[in-house]
Amino acid sequence: MTSSTWKVGNIKITPIVEVEAGNIIQQIIPNATTDNIAKISWLKPHFVDDKNRLKALVQAFIVQTPDACILVDTCIGNDKKRSEIAEWNNLQTDFLKCLDRAGLKSQSIDIVLCTHLHFDHVGWNTMLVDGRWRPTFPRARYLFAEQEFSYWKSRPEREIEDDHAGFEDSVMPVFDAGLADLVPMNYSITDEISLFPTPGHTPAHVSVLIASGQEQAVITGDATHHPCQIAHPDWPTISDTDPGQATVSRRALLDRFVDTQALFIGSHFATPTAGLLQAENNTFRLVVA
Ligand SMILES: [Zn+2]
């Protein structure tokens, strides 16, 4: 399903939705109880349902510049064995057909970029072909923050098995095929597209700044999981490696873009996914276009 396309200067950004994820996102934000959510009226109707349950998505973004086609975050992927989140085990979706329908064959992707290396952001890096994990985008360079890659390569014990499995089946095959570029957290991909650090959710999580002409957009990755964390930047996510640092990064992100014309795009935000940040009562709200 392709919901919409945003234009930022001469750049086009299109979300490609893989699966609905409201239930799972609700479970990983402990403060997002239905009572607490009911108090944030602007979340309705786009980001919560009429019973105050969170709506959310797993989705990727195609960023098309005049010279490059970039895929940001690659969702969960097909055929991946996951033990801790049953809904996402051995997923079967038509994600690649959705890319096709958006006018993009896997051959036309020049760059794949992962904001961090959790398994719901790396899955379509690879696909199962004749029993082996092969790069889905064989013409592309795959960009990973070097520190993020090193962290997961060390197999940190505190992290869940599904994320270790994601690193093994969706990141290492790309690295072993020689398609990975390990880059600094503030790397400029083109004149118009660059990374900047938003650590905490994972140690070297990055967000993506798109600036073309006078216009700007930011793809947050998981620096914000749900717009309720715009109203409450201090609400942690249980999958944060360092919840305190994640809150610091989230606040800095919101402070940077509040009351600007930058389009604020959350990787798990339900459709319409993008909006403008406004200051409200010492905190923030997202106003959809
Ligand atoms: Zn995520």
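A quick note: this is a predicted structure, and the numbers were derived from the prediction, not measured. (Residues numbered from 1 in each chain as written. Predicted model: local features only at pLDDT ≥ 70, side-chain atom pairs only at ≥ 80, totals over all residues.)

A look at the overall build of the protein
Across its full length, the protein holds 7 helices and 15 strands. Compactness check: the protein gives a C-alpha radius of gyration of 18 Å against a globular reference of 19 Å for 289 residues, within 12% of the reference. Each principal axis of the C-alpha atoms in the protein carries an extent, and together these give about 55 × 45 × 35 Å. Put simply, the protein has 289 residues, and 48% of those count as buried. Once local pairs closer than 6 in sequence are excluded, the contacts in the protein between residues at least 24 apart make up 67%. (Helix = DSSP H or I, 4+ residues; strand = E, 2+ residues; numbered from the N terminus. Rg over C-alpha atoms; globule rule 2.2 N^0.38 Å. Buried ≥ 20, exposed ≤ 12 C-beta atoms within 10 Å, placed from the backbone. Contact = placed C-beta atoms within 7 Å.)

So, the nonpolar core
Ranked by internal contacts, the top residues of the largest apolar core, which has 81 residues, are V63, V72, V208 and I210. A per-element tally of this core places strand β3 (residues 57–64) first, with 6 residues. The residues touching V208, leaving out its near neighbours within four places in the chain, are V72, L113, T115, I193, L195, V218 and I219. (Core = buried A, V, L, I, M, F, W, Y, C linked by C-beta atoms within 7 Å.)

Quick look at the pairing of strand β12 (residues 215–219)
For strand β11 (residues 206–212) and β12, the ladder comprises 5 bridges, and the chain directions are antiparallel. In the sheet register, A211 faces β12, and the bridge partner there is Q216. Sheet topology places β12 next to strand β13 (residues 263–265); 3 bridges connect them, and they run parallel. The residue bridging A217 from the neighbouring strand is L263, located in β13. (Pairing = 2+ DSSP bridges.)

Points about unusual backbone geometry
The omega torsion of the bond from K44 to P45 falls at 5°, within 30 degrees of zero and hence cis. Tracing the chain through its elements places P45 in the loop between α2 (34–38) and β3. Residue P272 follows T271 across a cis peptide bond; omega there is 15°. Structurally, P272 is set in the loop between β13 and β14 (274–280). Phi at C75 is positive, roughly 60°, even though this residue is not glycine. Along the chain, C75 turns up in the loop between β4 (69–72) and α3 (95–101). The class of C75 is buried, set by 27 C-beta atoms lying within 10 Å. Phi angles above zero are rare outside glycine, and D259 is one such case at about 55°. Within the secondary structure layout, D259 lies in the loop between α7 (243–257) and β13.

Brief notes about the sheet that holds β13
Taken in spatial order, the 6 strands of this open sheet run β10-β11-β12-β13-β14-β15, and their pairing is mixed. Edge positions in the open sheet fall to β10 (193–197) and β15 (283–288), since each of these has one partner strand only. Strand after strand, the sheet turns through a mean of 35° between neighbouring axes, direction not considered. Helix-sheet contacts for α7 involve β11, β12, β13, β14 and β15, and the interaxial angle to β14 is about 90°. (Axes fitted to C-alpha atoms, helices over the stretch in contact; angles between N-to-C directions.)

A look at helix α4 (residues 146–153)
Among all positions in α4, only E148, F149 and W152 are buried. The buried residues of α4 occupy one face: seen down the axis, they fall within an arc of 100°. Tucked inside the fold, the buried residues of α4 contact β8 (141–145), α5 (161–176) and β9 (180–183). Where α4 ends, the next residue or the one after it, R155, has phi of about 45°, a positive value. (Arc of directions from axis to C-beta.)

Comments concerning the sheet that holds strand β2 (residues 11–20)
Strand order across the open sheet formed by 7 strands is β1-β2-β3-β4-β5-β8-β9, with mixed pairing between neighbours. With partners counted over all chains shown, the strands left at the sheet margins are β1 (6–8) and β9, one partner each. The sheet shows a mean angle of 25° between the axes of neighbouring strands, taken without regard to direction. Here β4 pairs with strand β5 (residues 111–113) via 3 bridges, running parallel. Pairing of L71 across the sheet is with V112, part of β5. Contacts between α4 and the sheet are confined to β8 and β9, with β8 contributing the most and set at about 80° to the helix.

Things to note about α5
Between the first and last C-alpha of α5 there are 21 Å, a value that for 16 residues agrees with the 22 Å anticipated at 1.5 Å per step. Here α5 has its buried residues at D162, D163, G166, F167, D169, S170, V171 and V174. Among the structural elements, β6 (126–129), β7 (132–135), β8, α4 and β9 are those in contact with the buried residues of α5. Downstream of α5 by one or two residues, G178 has phi in the positive range, about 75°. (Expected span 1.5 Å × (residues − 1).)

Just distances and angles here, no functional claims.
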